[in-house]
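Results of the structural survey
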Amino acid sequence: MSIMVKTEKKVTLIIDGQKITVPDTITILEAAQKAGIRIPTLCYHPALAAIGSCRICIVEIEGVDRPATACNTEALEGMKVTTRSERLFDLRREVIKMILAHHPLNCSPCPENGDCELQDLAYEYDLAAMDFNDYHIQTEGFPWKPFSTPILDYHPRRCILCGRCVKVCSEIRGLGAITMSGSGAKAVIQPVMADEQTPSLCISCGECMRVCPVNAIEETMGGIKGKPWETKRVQTTCGYCGVGCQLDLNVVNNQVVGVTTRDDVGVNKGRLCSKGRFGYTFIHSEDRLRRPLVRNEEGKLEETTWTRALMKVAREFKRIKKEHGPDSLGGLSSARCTNEENYLFQRLIRQVFGTNNVDHCARL
Amino acid sequence: MRKVILGTWQDKIIDNRHKEKHLINDEFPELEDFEGGNRIKAFVGWDGFFIFDLDVPVIDMMRAYVEKVQEESCGYCTPCRVGTKIVADKLRDMTNGLGREEDLRTIKRLARVIRDTSMCELGHTSMTALLKIMELMPKEFEEAIKNRRMMRKGAYRAIATAPCIEACPAHLDIPSYIDAIRGGNYYESLAIIARKNPLAGICGRVCVRPCEFVCRRAELDEPISIKYLKRFVNDQILSYAAARSKKAETVPVRSDKQVAVIGAGPCGMTAAFYLKQKGFSVEVFEELNEPGGMSAVGIPDYRLPREVIQAEVRRIMETGVKFTYGMRIGSDKTLEDLKGKYDAVLIAIGAHKSKDVGMQGEQEKPEGYISGVKFLRDLNTLHHIGEFDPPGGTHLVVVGGGNVAMDCARSAKRLGYSKVSVIYRRTEKEMPADEEEIREAKHEGVEFNFLTNPTGMKIKDGKVTGLTCIQMELGEPDQSGRRRPIEIKGSDFHLDCDILIPAIGQAVDLSLFTQNFPVKTTKWGTVVVDEETMMTDQNGVFAGGDCVSGPKALIDAMSQGLHVAHCIDQYLGGQPMNMPENERMFRLIKAMKLPQAPVNRVGNKPRCNLESRPIEERIMDFDEIEGGYKPKEAIREAERCLRCYRIAMFVTEE
Ligand SMILES: Cc1cc2nc3c(=O)[nH]c(=O)nc-3n(C[C@H](O)[C@H](O)[C@H](O)COP(=O)(O)OP(=O)(O)OC[C@H]3O[C@@H](n4cnc5c(N)ncnc54)[C@H](O)[C@@H]3O)c2cc1C
Ligand code: SF4
Ligand code: SF4
Ligand code: SF4
């Protein structure tokens, strides 16, 4: 590959009067972060390459009339950057106003309420509903359309078109199943057509939903969602396979209502597959086995205790082994077990049962 | 010619409102009517506006302009997506007599935010004209608010353009297909290309890429690699389709009209593709046994593999175009036959006859003397089936400084001649060949003799043995702007060689025109067509490509194919014929010769180059030199595009 690999060089620039030296491969935003200077952002997501769509991280660079976005402008040698000024405040405030002009302002029914980056910005830039009087936007109607998968629903009225979802899908998931389409104020996020016949490459992982800052992509599973302050987030290890992804079960009134993740936790760093993210409704299923059952003489299932049930299983295995030999038995383990558990399982089958009839379902 | 009454562009303001018309000397000398008789009354653009007729409805004009901005806004960034919508709504209100005093302040404030904070040039430039017009004509706006009356509507023709789009003869929507790549949306990207160009795989490899030479990213670091991005999406989608054995959809026949196309070169294939898309039955007649024209039998395989051409043609065939090979019109069938059987005929025969250098001994046609096009044609048709018999000898000399000469020289290297030289009468700077071609030829060991002109051949026993040459020096610039070479008296010298390949240009083979069926031609031996309709002096017989323009480039031939398909459609539908409206607008914009504004941004991210095979390896065979982009590289390259979109709008009488 012949991308010009930049040799690790250092550049020195001045941000808000502070002289900082950073590698020449990073952006103004990253340089400012290193120096402890906060530049407000919205479309920026630490797990993704810069998007540059919201235009809130604009800064002034000496010698260039037009402000530049800090998130996707490289830090160059000798640059003089200003991150706070009256002009920047006014411009940012107008831009946030424009975003809000196209976004519902009744925050109370929204599950993000209280944990929302957009709300925080509106607060920081002192914006309220009456600030929009002189816009009286003539909003467009957005007819409901299916999203890339039935497991997700997209709400164009909420969407602020930050582009994170599109980015995460092509960059992290490597699919590019959704894209921005339509033009101007009619732009929406839509599934990508792979060709005329293949509607979508979506694998229902829900990564787009995870990174959406305003709940514009919502899962169609589950019922009520809780408000951030009434939701207990219980960190746990995903039970679906042996990778060990970390996730937070969202619990409201002792009911699991959803799964969220944290960007900096575990091997998965916030990512999940569709099973880990959406496969939680079984927890409260009526059909779920809660106690061991053993068949009685009449062949009917009867509740019993764990000790009794396991004793019965052991007894029967021993009988079969004695009557028909060890190769009449076999073991099939589950992909939901960890490596260590699978190891112990094959030891049990090989050494205790005495057979090599052991296998694994390999995937869920 | 249009005289400016009021206008501004960048920092310049022209105000002739109080001058008498004949005293005005601010004018656009080359700007004519929109169409014959439909006068242009004003122009609104990215760095300002020009009013030629003071009765234009100014506010409605700006409403139309901002609505077009909103329509073209990609929706990616906030200020342009939402801001221009609010401004457009307010201007519309105003033209409906619903404007309010505070709207003027809101519009101005929003306009400045949009100008300063949008992501791309569309947003940056969208409000310039509006802000300037509000400054220069404040009364119009104040009165509109006071009078609260419905306003008269004007007639507008608007188009989204960019420097690269304007430079491309086919006016491909370059920023938009690059955008689709950035979004990982390859299928859409190729679909955008296919609106104007059905041969993305070919152009993505060998296009002369006029777009890259005007790319504004060059002001920051280097131009965008527009060509290789095209190759990337094409190869990506093609391998996707091949892996699933997908075929292009057959277009149903929607008309009983039939079109014959002569020549399966870039022009013929492009025209055939779009005529088929329009629902006609299309049949292509080709003299050779394979499609591609010069792209197949001129351009060598190491630059453009055969399979690429064949894959493109397969796609065109799958849509329902019929190809007949090995059929020469003029001998196997006549032009008259075709005219009698088909409703329209397109002549796209290219320029395949070679031109003589004009030196002594040429007429004898000695062994070892072979024209560039013939050499390449034989090589290209015979080498891959193992039947090419290269002329014997060790030293091969190519005469000429264009791409054809480079192709001959680099191919000769691959055939194993121990010494390959190029003779050119000017210096390297004046060479018309692509810089990259010259550089690669040098890398591969081709020797160059500049300021050298051959005057005669040494022939022994009917075979070339050498060449007499004369040294040249550069004199005054000629019409093309290049300095004319002049012989230095007495500087003649001799050069030993075994093979001599003149590659100094091609001519059109006009032998298919007969007395029974004459078609008007120029004194340069090209076919004459009407600039507007692409029709020859024979009703229903059209022409396009190299046979009309003289030897040019693929994309020129293809843009004519696109144009001619549009006109044949109108002709067969019995409509009045004229050029596509956007073609007309691009010509008008070009005629205005507007100065470019500098790029007001920072950035330093050089382009992503392709990996080429090592020289020792590649000169052993005719396989492709470079691998294409990998998805990550392509997306990185796409992200460099500044999206220099801008809206141009003509206000016309009707
Ligand atoms: C060696 C070489 C290298 C080039 N390299 C480049 C390059 O890198 N990039 C670029 O953009 N351009 C390049 N060009 C130019 C480009 O190939 C031509 O401009 C382009 O192919 C012209 O297209 P066309 O359709 O008008 O004609 P052609 O491509 O010439 O096609 C005409 C077709 O008509 C057929 N034909 C002719 N007469 C008859 C008849 N009587 N009956 C039936 N069929 C007939 C011919 O066999 C041919 O297939 C190159 C040209 C040459 C010669
Ligand atoms: S759906 Fe969410 S993540 Fe995607 S663009 Fe809209 S707001 Fe951003
Ligand atoms: S066209 Fe340019 S300025 Fe407008 S929304 Fe898209 S990126 Fe922003
Ligand atoms: S930067 Fe992009 S839009 Fe601008 S000229 Fe280059 S390719 Fe075209």
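Report follows, based on the coordinates. Residues take numbers from 1 onward in each chain, read along the sequence in its written order. Chain letters start at A and ligand numbers start at 1, both assigned in the order the entries are written. Thresholds applied to this predicted model are a pLDDT of at least 70 for local features of residues and 80 or more for the giving and counting of side-chain atom pairs; totals over whole chains, interfaces and linings are not thresholded and use all residues. Values reported for side chains reflect all heavy atoms of the structure, with hydrogen atoms and water molecules removed beforehand.

A few words now on the pairing of strand S9 (residues 281-285) of chain B. Residues and elements named next belong to chain B. With respect to burial, S9 is a largely interior element, 4 of its 5 residues being buried. Two strands pair if DSSP finds at least two bridges between them. Helix numbering and strand numbering both begin at the N terminus, where a helix is a DSSP run of H or I of at least 4 residues and a strand a DSSP run of E of at least 2. As defined by bridge partners, S9 adjoins strand S10 (residues 322-324) across 3 bridges and the pair is classed as parallel. Residue Phe 285 lies in a different strand from S10, and its bridge partner there is Thr 324. Using a 1.4 Å probe on the protein chains alone, a residue whose accessible area is under 20% of its type maximum counts as buried, one over 50% counts as exposed, and one in between counts as partly exposed.

The next point concerns a nonpolar patch on the surface. Patches were defined on residues exceeding 30% relative accessible area and lacking a salt bridge, with like-charge contacts within 9 Å and nonpolar side-chain contacts (Val, Leu, Ile, Met, Phe, Trp, Tyr) within 5 Å. Only the protein chains shown count as covering a residue, and every accessible area follows the Shrake-Rupley method with a 1.4 Å probe. Whenever a carboxyl oxygen of Asp or Glu lies within 4 Å of a side-chain nitrogen of Lys or Arg, that contact is scored as a salt bridge. On the surface, Leu289(A), Leu293(A) and Leu301(A) cluster together into a nonpolar patch covering about 300 Å² of accessible area. Tracing the sequence through the fold places Leu293(A) in strand S13 (residues 293-295).

This part takes up the site of ligand 2. What makes a residue near a molecule or strand is one non-hydrogen atom of that residue sitting within 4 Å of it. Around ligand 2 sit 14 residues, and of these Cys159(A), Cys162(A), Gly163(A), Cys165(A) and Cys212(A) come closest. Only Asp, Glu, Lys and Arg are considered charged, only Ala, Val, Leu, Ile, Met, Phe, Trp, Tyr, Cys and Pro nonpolar, and every remaining residue, Gly among them, polar. Taken together, the residues of the shell around ligand 2 sort by class into 12 nonpolar, 1 polar and 1 charged.

Bringing the site of ligand 1 into the picture now. Residue and element names in this part refer to chain B. Inspection of the region around ligand 1 gives 34 residues, with Val 206, Glu 286, Arg 303, His 352 and Asp 546 positioned closest. As used in this structure description, the phrase polar contact means that two N or O atoms lie within 3.5 Å; if the pair is within protein, one of them must be able to donate a hydrogen and the other to accept it, and residues adjacent in sequence are counted only when both atoms belong to side chains. Residue Met 294 places a main-chain N or O atom 2.8 Å away from an oxygen atom belonging to ligand 1. His 352 places a polar side-chain atom, nitrogen or oxygen, 2.6 Å from an oxygen atom of ligand 1. Contact with the protein chains covers 97% of the free accessible surface of ligand 1, which is 990 Å². Of all the elements in the fold, those that place two or more residues in the shell around ligand 1 are helix H13 (266-277), helix H18 (403-415) and helix H21 (554-572). Among the residues forming the shell around ligand 1, the class breakdown is 19 nonpolar, 8 polar and 7 charged.

Every contact between the two is made by 55 residues of chain A and, on the other side, 53 residues of chain B. Along the contact surface separating chain A from chain B lie 3 salt bridges. Residue Arg87(A) pairs with Asp116(B) through a salt bridge whose shortest N-O separation is 3.5 Å. Where chain A packs against chain B, one counts 14 residue pairs in polar contact (both at pLDDT 80 or more). Elements represented by at least two residues in the side of chain A that touches chain B include exactly strand S3 (58-61), helix H2 (86-101) and strand S7 (178-181) of chain A. Per-element tally for the side of chain A that touches chain B: the top contributor is H2(A), with 8 residues. The contact rule is simple, with two residues in contact once any of their heavy atoms fall within 4.5 Å.

Before going further, it helps to examine unusual backbone geometry. Even without glycine at this site, Asp126(A) takes up a positive phi of about 55°. With respect to the helices, strands and loops of the structure, Asp126(A) is situated in the loop between helix H3 (117-124) and strand S6 (152-154). One non-glycine residue, Lys365(B), adopts positive backbone phi at about 45°.

Attention now moves to a negative patch on the surface. Residue and element names in this part refer to chain B. His is not counted here, nor are the chain ends, while Lys and Arg score as positive and Asp and Glu score as negative. A charged residue contributes its charge at one atom only: NZ of Lys, CZ of Arg, CG of Asp or CD of Glu. A cluster of acidic residues, Glu 101, Glu 140, Glu 142 and Glu 143, forms a negative patch on the protein surface. Among the elements that take part in the negative patch, helix H6 (residues 138-147) stands out by supplying 3 residues, more than any other. Residue placement: Glu 143 occurs in helix H6. For Glu 143, a relative accessible area of 41% corresponds to the partly exposed category.

The subject of this paragraph is the sheet that holds strand S22 (residues 541-543) of chain B. Residues and elements named next belong to chain B. Overall, parallel pairing links the 5 strands, which are arranged S10-S9-S8-S11-S22 in an open sheet. Either end of the sheet is taken by a strand with one partner, and the two such strands are S10 and S22. Going across the sheet, the axis of each strand differs from the next one's by a mean of 20°, ignoring polarity. Angular values range over 0 to 180 degrees, each being the angle between N-to-C directions of two axes fitted as lines to C-alpha atoms, with helices fitted over their stretch in contact. Docked against the sheet, H13 engages strand S8 (258-262), S9, S10 and strand S11 (344-347), running at close to 165° with respect to S9.

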